[in-house]
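# Working through the structure, step by step
Listed below, chain by chain, are the residues.
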Amino acid sequence: MSMEVNGSRSYPITGFAGQAKERCTGSTDKVDSEIKSLKEKKQQLEQQIRSAYGDERRVRNLEKILAQTENELSRKDNHAYRRAHSEYKNDGRPGGGKN
């Protein structure tokens, strides 16, 4: 049994006797990989800044890139971003997979 939502998608109604419940799993692997990559980039930039001590132009440029990286990391390293950018898959039971 399905219910019409916003006139475009059908979602199974669960809980009726004899009806299989739909199960969905989410994966944050890609998001976690992206965040790990940003953290590594941040560490590399901090190391480059330490090694470029004395070259003010290069230090300013690296600090600008570091600030952008930190800003991106702060936007992405949180629960809301992970949930919004996770990959969700249906387990293949009846009533599912109609996304």
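Everything that follows concerns the structure shown earlier in this document.
Since the structure is predicted, the reported quantities are computational estimates derived from the model, not experimental observations.

Rules used in this analysis
- Residues numbered from 1 in each chain as written.
- Predicted model: local features only at pLDDT ≥ 70, side-chain atom pairs only at ≥ 80, totals over all residues.
- Heavy atoms only, no water.
- Helix = DSSP H or I, 4+ residues; strand = E, 2+ residues; numbered from the N terminus.
- Expected span 1.5 Å × (residues − 1).
- Buried < 20%, exposed > 50% of the residue type's maximum accessible area, 1.4 Å probe, protein only.
- Contact = heavy atoms within 4.5 Å.
- Salt bridge = Lys/Arg side-chain N within 4 Å of Asp/Glu carboxyl O.

## Observations regarding helix H1 (residues 29-51)
For H1, which comprises 23 residues, the first-to-last C-alpha distance of 33 Å matches the rise-based estimate of 33 Å (1.5 Å per residue) to within 8%. Turning to H1, its buried residues number three or more, namely Val31, Ile35, Leu38, Leu45 and Ile49. In this structure, the buried residues of H1 make contact with helix H2 (56-76) and helix H3 (79-84).

## Quick word on the environment of Glu63
Secondary-structure assignment places Glu63 in helix H2. Here Glu63 falls in the partly exposed class, since its relative accessible area comes to 42%. In this structure the C-alpha to C-alpha distance between Glu63 and Gln48, which are 15 residues apart in sequence, comes to 9.6 Å.

## Regarding the pattern of salt bridges
It is possible for side chains bearing opposite charge to pair when their charged atoms get close. Applying the stated criterion across every chain yields a total of 7 salt bridges. A salt bridge links Arg82 to Asp77; the shortest N-O distance between them is 3.3 Å. Judged by relative accessible area, Arg82 falls into the partly exposed class, the value being 23%. Each of the salt bridges in this network shares a partner with another, and the network as a whole consists of Asp32, Lys39, Asp77 and Arg82.

## A short note on the side chain of Lys76
Structurally, Lys76 is set in helix H2. Judged by its relative accessible area of 9%, Lys76 is buried. The residues touching Lys76, leaving out its near neighbours within four places in the chain, are Glu34, Ile35, Leu38 and Tyr81.

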